[in-house]
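Letter by letter, the chains look like this.
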Amino acid sequence: MKAAGVKRSDSEIALIVDRGYGVAIELIDSAVRQRPDAWNLAVLQAALSYDRLQFKQAQKGAQDPVQANEYRKAAFAAFGDAARRYVAAVNRGDARDDSGVYRRWFGAAMGTAELNFLRPEDLPKEGSLQDDQIDLIRKSMQSLEPEAYDRHVASFAGDIEEAVQRSAPEIKPRLVRHALRVVGDHPAGASMRSMEELYRDLVKDEIKLRLALDGSDRVGVDEPFGMLLSLRFTNSVDRETGGFAKYLQNGVFARVGNQFRQMNYRDELQKTIRDALDKNFTVETIGFFDAFMPPRGVVEEGQDGWLEKPLAYIVLTRKDPAIDTVPAVVIDMQFTDQTGPVTLAIPSNTPLLASGAGSDMRRCEALEVAQLVDVRAVRDGDGKDAVTLEVRMRGNGVVPDVREALAGLDSPLAGYRLADGGVVADPPIVLESASASQSPMMMMRGAPTEPKTGYPEPDADGMYRLPVERSFKVTYVRDQGAVGDEFVLPTLAAGIDAKLESKFYDDLDIMPVVGATVAVDVPYWTTAAIARRAV
């Protein structure tokens, strides 16, 4: 075209190619009508119809979903018609065995007719047109004579086993599961059944992802509460896999398919958690445990021989009081079977929550409360500027709200009142003890040593917690009446077990408070001082 001086855009070229597919399919359709017994022509028609669909899907521009769906229906209908003609020919004795028609049909249902370059997003979803093809393939095979059926199932199973060996790890379990829907309990599927049994037993009986609610199930609405995400597994899985530290690290070189590349497992885990919870919850912060923290022995459903490795401590809030279930978090984890690496989706449990807006205080160990008072505006100004109280709380687990932790917040200074919206809370922060990156120097030195403060220990209920920090700013504004001569420090509320530290601003210095109040020294000639003397 360029030699003839004709320049066409990509969309124009795509349109020409699509028309070419249409002409070819029409010609083959005409030939099939003239030779109804020529099943091989019907297979060619089906293959062209599916190639046309894949060509349209490969275009970078916007696709017409209605047209794409029509192409998909036409391709699958053509495969079904080709299989029907093929079965009739085989049963009459007019055709030799050629299970390629079923391999291509099954491959089209998986996303690629030749079962190569399979992608997770192309695999059939339950209830979809692609998913329906699996049952149609099985029924078509079963319409063959018994001996022919046995030969075709054996050939089909062999094709799938070869495809499994060259498939990406995350493809294998789903490919095997769909293939067994066709093969059923036929002896030819023994190898695939052993693979599927291995996958099932691993997920069901040897490794479990556990979401545990920290404290009461009364979590309220827009009130922070904590959850622990941990991995429980048998001693044998720990030995066979070499542990699960990599899922808490970034920059890890791992085998992906047939090659090695750098993986950011911890970033992927964080995204997985947020994607799972974000619909009905606000994930305030996620803290990850040290990758090299050794697992501890636990009893799982009455059985010994299990280990638990904490992965993440999650602080979140519920958006709606009617939400009564925390959705499952699903992590893709790598294992090895007889075909090589395989990726299995490990789903967590789904903890229940109490409905309603009521909530209970969360348990927080080793709570420390630090408050910093700033009354300089009263001393330096005319009494109209704000007085502030900054509160920082830190403890193991979700720290309480400032109103739950401190008493006497509303009116600590005469002549001032709590401002409207005067209590502002910063988002909580989970303090982590280790970096996510795996540096080359760390690998050369071997496993890192235990932190000076030690690894987190579970409480009596088996809950692991990480330190959580949260800051609040309380603002007071001028009210009626004279300004008082002291700011009465808030005290720990009843039932709060914590260490309280109080400080105040003295010019540019921060000084510890001696006693229960901070003196408010108002200069003699300020408006505030005159108002105080007038009273």
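None of these values were measured; they are calculated from a predicted model. (Residues numbered from 1 in each chain as written. Predicted model: local features only at pLDDT ≥ 70, side-chain atom pairs only at ≥ 80, totals over all residues. Heavy atoms only, no water.)

Colleague: How do you make sense of the overall build of the protein when you look at a structure like this?
Modeller: A count of helices and strands for the protein gives 14 helices and 20 strands. Taken over 535 residues, the protein has a buried fraction of 43%. Of the roughly 27,300 Å² that the protein leaves accessible, carbon and sulfur atoms contribute 50%. (Helix = DSSP H or I, 4+ residues; strand = E, 2+ residues; numbered from the N terminus. Buried < 20%, exposed > 50% of the residue type's maximum accessible area, 1.4 Å probe, protein only. Areas by Shrake-Rupley, 256 points an atom, 1.4 Å probe, with all protein chains shown as cover.)

Colleague: I keep staring at a negative patch on the surface and nothing clicks. Help me out?
Modeller: A grouping of E170, D267, E268 and D332 is seen on the molecular surface, where their side chains present a negatively charged patch. As for its position among the elements, E268 is in helix α10 (residues 265–277). (Patch = residues over 30% accessible without salt bridge, like charges linked within 9 Å, V, L, I, M, F, W, Y side chains within 5 Å. Salt bridge = Lys/Arg side-chain N within 4 Å of Asp/Glu carboxyl O. Lys, Arg positive; Asp, Glu negative; His and termini not counted. Charge placed at Lys NZ, Arg CZ, Asp CG, Glu CD.)

Colleague: Is there a simple way to think about the packing of helix α6 (residues 146–166) against helix α8 (residues 190–206) in this case?
Modeller: Any two packed helices are characterised by how steeply their axes cross, that is the angle between the axes, and by the distance between the axes. One can describe the packing of α6 onto α8 by two numbers: an axis separation of 9 Å at closest approach and a directional angle of 45 degrees. Taken together, the axis directions place α6 and α8 in an arrangement best described as oblique. Taken together, the residues of α8 that come into contact with α6 (itself represented by A157, I160, E161 and V164) are S191, M192 and M195. In the contact of α6 with α8, the residues fall into 5 nonpolar, 1 polar and 1 charged. (Axes fitted to C-alpha atoms, helices over the stretch in contact; angles between N-to-C directions. Parallel < 35°, antiparallel > 145°, perpendicular 65-115°, else oblique. Contact = heavy atoms within 4.5 Å. Nonpolar A, V, L, I, M, F, W, Y, C, P; charged D, E, K, R; others polar.)

Colleague: Explain the environment of F76 here, please?
Modeller: Inspection of the secondary structure puts F76 in helix α3 (residues 65–92). Placed 30 residues apart in sequence, F76 and A46 show a C-alpha to C-alpha distance of 7.3 Å. Not counting chain neighbours up to four residues away, the residues in contact with F76 comprise W105, A108, A109, L129, Q130 and Q133.

Colleague: I would appreciate a short explanation of the packing of aromatic side chains in the present structure.
Modeller: How two aromatic rings sit relative to each other is given by the distance of their centres and the angle of their planes. Inspection of the entire model under this criterion finds 8 aromatic pairs. Measuring from ring centre to ring centre gives 6.4 Å for F225 and F281, while their planes differ by 70 degrees; the resulting arrangement is edge-to-face. In this pair, F225 sits in strand β2 (residues 225–234) while F281 sits in strand β5 (residues 281–288), placing the two residues 56 residues apart along the sequence. Here the two residues F225 and F281 agree in accessibility, since each one is buried. Seen from their ring centres, F233 and F244 are 4.7 Å apart, and the 50 degrees between their planes marks the pair as tilted. Residue F233 is located in strand β2, and its partner F244 is located in the loop between α9 (235–241) and β3 (252–256); the two are separated by 11 residues in the primary sequence. This pair shows no difference in class: F233 is buried, exactly as F244 is. Put simply, the rings of F233, F244, Y247 and Y265 pair up and form one aromatic cluster. (Phe/Tyr/Trp six-rings, centres within 6.5 Å; stacked < 30°, edge-to-face > 60°.)

Colleague: What's the story with the pattern of salt bridges in this structure? I'm lost.
Modeller: Side-chain pairs of opposite charge can arise whenever the charged atoms involved come near each other. Enumeration according to the criterion identifies 28 salt bridges in this entry. Here D97 makes a salt bridge to R151, at a shortest N to O gap of 2.5 Å. Taken together, the residues D97 in the loop between α3 and α4 (100–110) and R151 in helix α6 connect sequence positions 54 residues apart. Overall, the relative accessible area of 39% leaves D97 in the partly exposed class. For R151, a relative accessible area of 42% puts it in the partly exposed group. Its salt-bridge partner being R403, residue D410 comes within 3.1 Å of it at the nearest N-O pair. Connected via shared salt-bridge partners are K208, R210, R232, E300, E301 and E308.

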